[in-house]
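Observations on the model geometry
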Amino acid sequence: MIIITVIDCPKNARYRSVDGSCNNLRHPTWGQAGTAQRRLKDINGRPMVSYEDGKSLPRGFPNRLPDPRLVSNVASDPALGPFNQFDKIRTGQHMAFGQLLAHDFIETDIPSGIDCCNRSDPNFGNPDVCFPLDVSYGDERFPPGCKNFIRAKPAKEDQYLPSYWEQINLLSSYVDASFLYGNQHNLTLELRVPNSCDKRNHESPNLGLNHLLFVREHNRLSTQLHELNPCWSNERVFKKLRRIIIAQVQHITYNNFLPLVVDQDTMRQYNLYSKPNGFDNCYDDSVDASCLNSFGIAPWRYGHSQVMAEQSELKDDYKTIFEHKIEDNLLSPYLWQYGYGKHVTSLSRWLETEPALKIDNFLVEGLRDKLFFITSPPGSDLFALNIQRGRDQGVPAYNEWRKFCGLQKLRSFDDFGKFGSNLALSVDDVDLFIGGLLEEGENGSVGPTFSCIMGIQFQRFKVGDRYWYESSDPDFAFTKDQLNSLKSTSLLSKIYCTNFGLNEIQYDIFMIPSLKNQFLTARAISDINLYEWKDKTCVYGPHN
Ligand code: HEM
Ligand SMILES: [Ca+2]
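Looking up the chain in an unreviewed UniProt entry gives the name pxdn, with the organism given as Mytilus edulis.

Attention now goes to the side chain of Asp87. Inspection of the secondary structure puts Asp87 in strand S2 (residues 86-91). Residue Asp87 is classed as buried on the basis of its relative accessible area of 6%. A polar contact is formed between the side chain of Asp87 and the backbone nitrogen of Ile89, at a distance of 2.8 Å. Within the structure, Asp87 has its side chain in polar contact with the backbone nitrogen of Arg90 (distance 2.9 Å). With residues up to four places along the chain from it excluded, the contact list for Asp87 reads Pro355, Ala356, Leu357, Lys358, Ile359 and Ile512.

For the calcium ion (ligand 2), every protein donor is listed as Asp104 (O), Asp104 (OD), Ser172 (O), Ser172 (OG), Tyr174 (O), Asp176 (OD) and Ser178 (OG), and the spread of their distances is 2.3 to 2.7 Å. Each donor residue of the calcium ion (ligand 2) lies on the same chain, and together they follow the pattern D-x67-S-x1-Y-x1-D-x1-S. The pair Ser172 / Asp176 is uniform in exposure class, with both members buried.

With that settled, consider the state of the cysteines. According to the stated counting rule, one finds five disulfides in the structure shown. Sulfur-sulfur distance for the disulfide between Cys9 and Cys22 comes to 2.1 Å. Between Cys9 and Cys22, the S-S dihedral sits near -85°, and the bridge is therefore left-handed. Residue Cys9 is found in the segment before strand S1 (35-36), and its partner Cys22 is found in the segment before S1; the two are separated by 13 residues along the sequence. Overall, Cys22 belongs to the buried group, its relative accessible area being 10%. Bridging Cys231 to Cys538, the disulfide has an S-S length of 2.2 Å. Remark: Cys538 occurs in the segment after strand S10 (519-521) and Cys231 occurs in the loop between helix H5 (205-228) and helix H6 (234-257); sequence separation between them is 307 residues. We note that Cys231, like Cys538, is buried.

It is worth spelling out the coordination of the iron atom of ligand 1 at this point. Coordination angles at a metal have ideal targets, namely 109.5 degrees for four tetrahedral donors and 90 or 180 degrees for six octahedral donors. A lone protein donor binds the iron atom of ligand 1: His304 (NE2), at 2.1 Å. Within the secondary structure, His304 is located in the loop between helix H8 (293-297) and strand S6 (313-314).

Next up on the list: the packing of aromatic side chains. For the structure shown, the criterion picks out 28 aromatic pairs. Between Phe295 and Phe458 the ring centres are 5.8 Å apart and the planes differ by 80°, which places this aromatic pair in the edge-to-face class. You can see Phe295 sitting in helix H8 and its partner Phe458 sitting in helix H15 (residues 448-463), a full 163 residues away along the chain. Accessibility classification places Phe295 together with Phe458 in one group, the buried group. Plain terms: the ring middles of Trp300 and Tyr302 are 5.2 Å apart, the flat faces sit at 75° to each other, and that makes the pair edge-to-face. An aromatic cluster of at least three residues, connected via ring pairs, comprises Phe97, Phe105, Tyr254, Phe257, Phe295, Trp300, Tyr302, Phe458, Phe461, Trp468, Tyr469 and Phe510.

With that settled, consider the UniProt feature "binding site: heme b" (unreviewed entry) in the chain. The positions UniProt marks with the feature "binding site: heme b" (unreviewed entry) are His304. Setting aside residues no more than four positions away along its own chain, His304 makes contact with Leu363, Leu367, Leu382 and Asn386.

In this section: the nonpolar core. Among the nonpolar cores identified, the biggest contains 117 residues, and Phe105, Phe214, Phe295, Trp300, Tyr302, Met454 and Phe458 are the most heavily contacted of them. Looking at this core element by element, the count peaks at 11 residues for H6. Membership of the second largest hydrophobic core comes to five residues, among which are Ile114, Cys116, Val129 and Ile150.

Let us look at unusual backbone geometry. Between Phe61 and the following residue, Pro62, the backbone shows a cis peptide bond with an omega angle of -5°. Residue position: Pro62 is located in the loop between S1 and helix H1 (68-75). At Leu331, a residue that is not glycine, the phi angle is positive and equals roughly 55°. Inspection of the secondary structure puts Leu331 in the loop between strand S7 (321-322) and helix H9 (334-337).

Further remarks concern the site of ligand 1. In the vicinity of ligand 1 lie 24 residues, with Gln99, Thr108, Arg301, His304 and Arg389 positioned nearest. Thr108 is positioned such that a nitrogen or oxygen atom in its side chain is 2.6 Å from an oxygen atom of ligand 1.

What follows is about H5. In this model, H5 (24 residues) spans 35 Å end to end at C-alpha, consistent with the 34 Å of a helix rising 1.5 Å per residue. Of all 24 residues in H5, 17 are buried; the element is thus mostly enclosed.

Further remarks concern the packing of H5 against helix H17 (residues 492-500). Running from N to C, H5 and H17 point in directions that differ by 85°, and their axes come no closer than 9 Å. With respect to each other, H5 and H17 are oriented roughly perpendicular. Where H5 approaches H17, its residues Leu209, Leu212, Leu213, Phe214, Arg216, Glu217 and Arg220 are matched on the opposing element by Leu492, Ile495, Tyr496, Thr498, Asn499 and Phe500.

Time to look at the environment of Tyr338. Mapped onto the fold, Tyr338 is located in the loop between H9 and helix H10 (344-353). The exposure class of Tyr338 is partly exposed, given its relative accessible area of 22%. Considered as a pair, Tyr338 and Met48 are 290 residues apart in the sequence and their alpha carbons are 47 Å apart. Sequence-distant contacts of Tyr338, that is, excluding residues within four places in its chain, are made with Glu313 and His343.

Packing of H5 against H6 brings their axes to within 10 Å, and their N-to-C directions diverge by 130°. Comparing the axis directions of H5 and H6 gives the class oblique. For the pair H5 and H6, the sense of crossing is right-handed. From H5, Phe214, Glu217, His218, Leu221, Ser222, Leu225 and His226 reach across to H6, where they touch Asn234, Val237, Phe238, Lys240, Leu241, Arg242, Ile245, Gln248 and Val249. The residue inventory of the contact of H5 with H6, partitioned by class, reads eight nonpolar, five polar and three charged.

Each value, and the rule that gives it
- Residues numbered from 1 in each chain as written.
- Chains lettered and ligands numbered in written order.
- Predicted model: local features only at pLDDT ≥ 70, side-chain atom pairs only at ≥ 80, totals over all residues.
- Heavy atoms only, no water.
- Helix = DSSP H or I, 4+ residues; strand = E, 2+ residues; numbered from the N terminus.
- Buried < 20%, exposed > 50% of the residue type's maximum accessible area, 1.4 Å probe, protein only.
- Polar contact = N/O pair within 3.5 Å; in protein donor to acceptor, adjacent residues only side chain to side chain.
- Contact = heavy atoms within 4.5 Å.
- Donors = N, O, S within 2.8 Å, 3.2 Å for Na, K, Ca; no water.
- Disulfide = S-S within 2.5 Å.
- Phe/Tyr/Trp six-rings, centres within 6.5 Å; stacked < 30°, edge-to-face > 60°.
- UniProt positions renumbered as here; feature names shortened; annotations may be inferred.
- Core = buried A, V, L, I, M, F, W, Y, C linked by side-chain atoms within 4.5 Å.
- Near = heavy atom within 4 Å.
- Expected span 1.5 Å × (residues − 1).
- Axes fitted to C-alpha atoms, helices over the stretch in contact; angles between N-to-C directions.
- Parallel < 35°, antiparallel > 145°, perpendicular 65-115°, else oblique.
- Left-handed = near helix turned anticlockwise from the far one by under 90°.
- Nonpolar A, V, L, I, M, F, W, Y, C, P; charged D, E, K, R; others polar.

Below is the structure:
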């Protein structure tokens, strides 16, 4: 549980807080872990919210809308394929980094240990807590009837709360590598080591691997920085390095990763690229960087459709593959921990070169039929969960978002092509998750509705972050040389090959190796130059 305390912010803090508090000095809780998610407002200033009773009951409650498992079945009919196509550009590591980022900015607070299908559970039938699925007869995987679904908790103690329910984000919303440094103040300060303490990091092997990547990067640079500055205390090295790693994550996210998620118009319209050189004082303290409910519920779940059917190993000849099915390896660190981590390199090779699946309306069997089936048989359906969660959190239907984004509403089911009217009873009821995924974007990116919501969110993460890495604020800025050095060397391929022991790697790890994105030796890609952080007055150590 996260406890929000009343905050008296230090005025000239040199480092961002662990939980995101005091980033915004006028609104110290904006973006803070444990606060409410936010809603977008339409052009008339009305919040984008849609509860059945206008306050808290899920959209469509109790059964005005088709059951989400049914929608999932309809939208995933292989006859409507092609099914499970590979992406022509993006790698598995593109998928994996998207999940890592999700674990940087959003984790909705959802209670556990409640069985909404069990009459003797005290919450049985309580619509504030339970919103179970109702699986139809004839489902090929799950028994008919009640299937557990626990509602996200409403936020209670937040000064910004409206009259309807908002849900809680347990993480700091800022892009601040909190997947690595955590979201709770005392934990990080006590350990003074990156603790990779996001409790979901075993969800999939690709995720655990990426956590490991940044733990190793922190530890590698920490030794170097200490050698350069022997008189620095451990705490000083830790804090400086945390700032450096956050800058790397911000730079990579905005300049290499996002351009492969949203279209180029969105990148430009929302000013998402960094300046090629020097500072950018884009900070605006009227911008709230807190995560938007609508963003976490559907657009940023686009990555579920990229997840491949396997999480495999590629040996050093880059040909021999040892396949591991994804459903057999969820909620388990086994793949990257067994044999004392000896298989990390081969797993990393596979993620780096294997194409991700195309961003579309299909999820692999391991997620749609067999999600967590080993730990909680017979498992679940992530597609259906995403739809139900959108309804649970009062997120309006797809057409409302088309309108919000200035796009034409779809008028009839013919506009959905082959899927027809099985998605909902009215075209205005189609859920955002499915409507958004049925759109196609340029070069395989997400379509215009998801791009629009993501554009707004990533602009807020950037201009609403006082500690944004390009800032020249004298309290905490990098020097111009440090910043330029970070901009020219922050490349995930370098971090990846250095920490996973690869001798060569393609220049842009988010894109499949090709003539334009060739393999280079690890040495050919520049590493971060920590000499820029050498304190010339510091020769002996360790003192302070
Ligand atoms: C690799 C396998 C993955 C698994 C097994 C997985 C599983 C899950 C599960 C079980 C949930 C909670 C569903 C609910 O009850 O609402 C979830 C939520 C979510 N996932 Fe994934 N996911 C995976 C990959 C990804 C990827 C690649 C992305 C993005 C690129 C992503 C983004 C999200 C987001 C944004 C949420 C909502 C988080 C929240 O609000 O708490 N996931 N995922
Ligand atoms: Ca964060």
